[in-house]
Structures are given as structure tokens and as C-alpha cells.
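Analysis of the macromolecular model
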Amino acid sequence: MTLDDLKARHSALLAARYSGTRSVSYDGKSINYGSDAELATAIADLERRIAALERTSRRVLRPFAVKDL
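Residues numbered from 1 in each chain as written. Predicted model: local features only at pLDDT ≥ 70, side-chain atom pairs only at ≥ 80, totals over all residues. Heavy atoms only, no water.

Time to look at the packing of helix 1 (residues 3-19) against helix 2 (residues 36-54). Interaxial distance between helix 1 and helix 2 falls to 10 Å at its minimum, and their mutual angle equals 155°. The angle between helix 1 and helix 2 places the two elements in the roughly antiparallel class. Viewed along their axes, helix 1 and helix 2 form a crossing whose handedness is left-handed. Judged by residue contacts, Leu-3, Leu-6, Lys-7, Arg-9, His-10, Leu-13, Leu-14, Ala-16 and Arg-17 of helix 1 engage Asp-36, Leu-39, Ala-40, Ala-42, Ile-43, Leu-46, Glu-47, Arg-49, Ile-50, Leu-53 and Glu-54 from helix 2. Grouping the constituent residues of the contact of helix 1 with helix 2 by class yields 12 nonpolar, one polar and seven charged. (Axes fitted to C-alpha atoms, helices over the stretch in contact; angles between N-to-C directions. Helix = DSSP H or I, 4+ residues; strand = E, 2+ residues; numbered from the N terminus. Parallel < 35°, antiparallel > 145°, perpendicular 65-115°, else oblique. Left-handed = near helix turned anticlockwise from the far one by under 90°. Contact = heavy atoms within 4.5 Å. Nonpolar A, V, L, I, M, F, W, Y, C, P; charged D, E, K, R; others polar.)

Under the 1.5 Å per step criterion, the end-to-end length of helix 2 is 27 Å for 19 residues, consistent within 8% with the ideal 27 Å. Regarding helix 2, the residues found buried are Leu-39, Ala-42, Ile-43, Leu-46 and Ile-50. Here the buried residues of helix 2 occupy an arc of 100° about the axis, which is enough to place them on one side. Opposite the packed face of helix 2, turned more than 90 degrees from it, sit the exposed residues Thr-41 and Arg-48. Buried residues along helix 2 sit in contact with helix 1 and strand 1 (23-26). (Expected span 1.5 Å × (residues − 1). Buried < 20%, exposed > 50% of the residue type's maximum accessible area, 1.4 Å probe, protein only. Arc of directions from axis to C-beta.)

Below, the structure is given as C-alpha cells:
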């Protein structure tokens, strides 16, 4: 899945949760969640995946030398 796909699904899940429905449709598929807790778990999983894809902080090593006198 691409980052754009994950963000689209995330927004669809948030819209469904805020409207009070437990059914979400995207990409021609429909998913029914049994409870609000299941919907919240799906949202949290998508947020974790999005954060992992957006993580760009890499460790940068900058060598330097110190000359003791």
C-alpha cells in the first residue's frame, strides 16, 4: 500500500467514526465493524503504518577531530 492509500483509508475511517456509523466503503469494498473499539483499533493501526512510512529521520554521523594541545 502506498502512503496516499493509507491516508485515504484513515480519513474514511475517521469520517465513519465521527458520523457514528460502523460501515466504511472505499475502493469498491465495504467493511462493517462490530463495535467502536474495533473501529478505533483499525484507526490506530493505520496511524502506526502511516507514521512508519513518513519517518524520515535518519541518523547522520558527522566526524570531527579535536586536537589537544
